[in-house]
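Coordinates in review
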Amino acid sequence: MKYALISDIHANLPALEAVLADIDRRSDVEAIYHLGDLVGYAPWPNETVSLIRSRAIAGVAGNYDSTTGTDYKHCGCKYENPRQEELSHVSYDWTRARVTPETKRFLAALPFRLDLWPLGGHLTGKPRVTLVHGSPTSNTLYWTEDRPDSFCGQMAAIAGMKAGDVIAFGHTHRPWSRESSGMLFLNTGSVGKPKDGDWRAGYVILDVGEASARPEFVRVEYDVQRAMKGIRHSELPDEFAEDLRTGGSPVTETTKPNP
Ligand SMILES: [Fe+2]
């Protein structure tokens, strides 16, 4: 059973369109799921939600979705400095002012987690796949690659996982995976706002078999100039356009930014 997992689209419509086109070119993907953060940082929140809905892509609530949907006082995002905090508030206020009531209702109704039974719900003991945005405890918790195995074990216990199961999440915008105690921990990265120094849209194909699950990390080139133009022509901060061009940080020799 092959799933396409897409996370942290963040209203970047050109990136989402390119990812869906890439998935559509594959003939063996059974279903697409999103892992939240559909909106924020780019100027197409309503269009992004419309496309997700028109494709009937089920998924979970990211912090940006549940805060926008419930009119919370901030987006639940992490700031590394005062400037980032200021920009974050601008983005959140902009997004809240522009989402339609229909979009808002859709975001507010997203579930916190989804459980998939790839080989059939009537078969107990078979592998399960749990989808959350940040972690099984909170959609604002950052499950970064440097978390120890003991942390993964705690999260697995909270999620009710057993050997052979998978938990997939996003939120950090940096893809990684690890096997521990027979379970797969999978951060699917970000479609619309990568922060690993690679500007291309990221998603994961998860192949779940009887005995094991295997993730394939995919990167897709998209019309980043269109996304940057869209940001610059809106009241959103120009810094967000620059973030898309560089793919955030860190930039390494192997992940050069788009010229
Ligand atoms: Fe996010």
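Going by the structure above, here's the rest.
So, here is what we can say about the structure in this document. For clarity, every value in this text was computed on a predicted model and none was experimentally measured.

What the rule picks out here adds up to one disulfide. Disulfide pairing is shown between Cys-75 and Cys-77; the S-S distance is 2.2 Å. Residue classification places Cys-75 among the buried positions, given a relative accessible area of 1%.

Attention now moves to the environment of Gly-153. Mapping Gly-153 onto the fold places it in helix H6 (residues 149-159). With relative accessibility at 34%, the residue Gly-153 sits in the partly exposed group. C-alpha separation for the pair Gly-153 and Asn-81, spaced 72 residues apart in sequence, amounts to 31 Å.

This part covers the packing of helix H2 (residues 45-54) against helix H5 (residues 101-108). Where H2 contacts H5, the two axes come as close as 10 Å, and the packing angle between them is 60°. On the basis of the axis angle, H2 is oblique to H5. Along this stretch, H2 crosses H5, giving a crossing that reads as left-handed. Mapping the contact onto sequence places Pro-45, Asn-46, Val-49, Ile-52 and Arg-53 in H2 and Glu-102, Thr-103, Phe-106 and Leu-107 in H5.

All right, on to the pairing of strand E1 (residues 2-6) then. Taking burial as the measure, the five residues of E1 include four buried ones, the bulk of the element. Note that E1 and strand E9 (residues 201-208) share four bridges and pair antiparallel. When the bridges of E9 are listed, Tyr-3 appears paired with Leu-206. Taken together, the four bridges between E1 and strand E2 (residues 31-34) define a ladder with parallel strand orientation. Its bridge partner lying in E2, Tyr-3 is registered against Ala-31. One crossover worth recording links E1 to the parallel E2 by way of helix H1 (residues 13-25), and it is right-handed.

Taken as a whole and judged by the stated rule, the model has 23 salt bridges. Here Asp-71 makes a salt bridge to Arg-96, at a shortest N to O gap of 3.1 Å. Remark: Arg-96 occurs in helix H4 (residues 82-98) and Asp-71 occurs in the loop between helix H3 (63-70) and H4; sequence separation between them is 25 residues. Residue classification places Asp-71 among the partly exposed residues on the basis of a relative accessible area of 40%. Looking at Arg-96, the relative accessible area reads 29%, which means it is partly exposed. The residue Glu-210 makes a salt bridge to Lys-126 at a minimum N-O spacing of 3.0 Å. Taken together, the residues span a long stretch of sequence, with Glu-210 in the loop between E9 and strand E10 (213-220) and Lys-126 in the loop between strand E4 (114-116) and strand E5 (129-131) at a distance of 84 residues. Taking relative accessible area as the criterion, Glu-210 reaches 56% and is therefore assigned exposed. We classify Lys-126 as partly exposed; its relative accessible area is 25%. It is possible to trace a salt-bridge network through shared partners that takes in Asp-22, Arg-25, Arg-26 and Glu-216.

Our next topic: the coordination of the iron ion. Asp-8 (OD), His-10 (NE2), Asp-37 (OD) and His-173 (NE2) make up the full set of protein donors to the iron ion, lying at 2.1 to 2.3 Å. Considering all four donor atoms around the iron ion, the spread of angles at the metal, 81 to 176°, places the coordination shape in the irregular class. Read in sequence order, the donor residues coordinating the iron ion give the pattern D-x1-H-x26-D-x135-H. Linking Asp-8 in the loop between E1 and H1 with His-173 in the loop between strand E6 (166-169) and strand E7 (176-180), this pair joins segments that are 165 residues apart in sequence. Of the two residues examined, Asp-8 and His-173, each falls in the buried class.

Even without being a glycine, His-171 presents a positive backbone phi close to 75°. Even without being a glycine, Ser-181 presents a positive backbone phi close to 50°. Note that Ser-181 resides in the loop between E7 and strand E8 (183-187). Overall, Ser-181 belongs to the exposed group, its relative accessible area being 61%.

Moving on, we get to the sheet that holds E1. What the five strands build is an open sheet, ordered E3-E2-E1-E9-E10; its pairing is mixed. Because the sheet does not close on itself, it has two edges, and the strands there are strand E3 (58-59) and E10. Lying over the sheet, H1 contacts E1, E2, E9 and E10, oriented at roughly 30° with respect to E9.

What counts, and at which threshold
- Residues numbered from 1 in each chain as written.
- Predicted model: local features only at pLDDT ≥ 70, side-chain atom pairs only at ≥ 80, totals over all residues.
- Heavy atoms only, no water.
- Disulfide = S-S within 2.5 Å.
- Buried < 20%, exposed > 50% of the residue type's maximum accessible area, 1.4 Å probe, protein only.
- Helix = DSSP H or I, 4+ residues; strand = E, 2+ residues; numbered from the N terminus.
- Axes fitted to C-alpha atoms, helices over the stretch in contact; angles between N-to-C directions.
- Parallel < 35°, antiparallel > 145°, perpendicular 65-115°, else oblique.
- Left-handed = near helix turned anticlockwise from the far one by under 90°.
- Contact = heavy atoms within 4.5 Å.
- Pairing = 2+ DSSP bridges.
- Right-handed = clockwise from strand over helix to strand, strands pointing away.
- Salt bridge = Lys/Arg side-chain N within 4 Å of Asp/Glu carboxyl O.
- Donors = N, O, S within 2.8 Å, 3.2 Å for Na, K, Ca; no water.
- Tetrahedral: all angles 85-135°; square planar, octahedral: opposite > 155°, others 65-115°.

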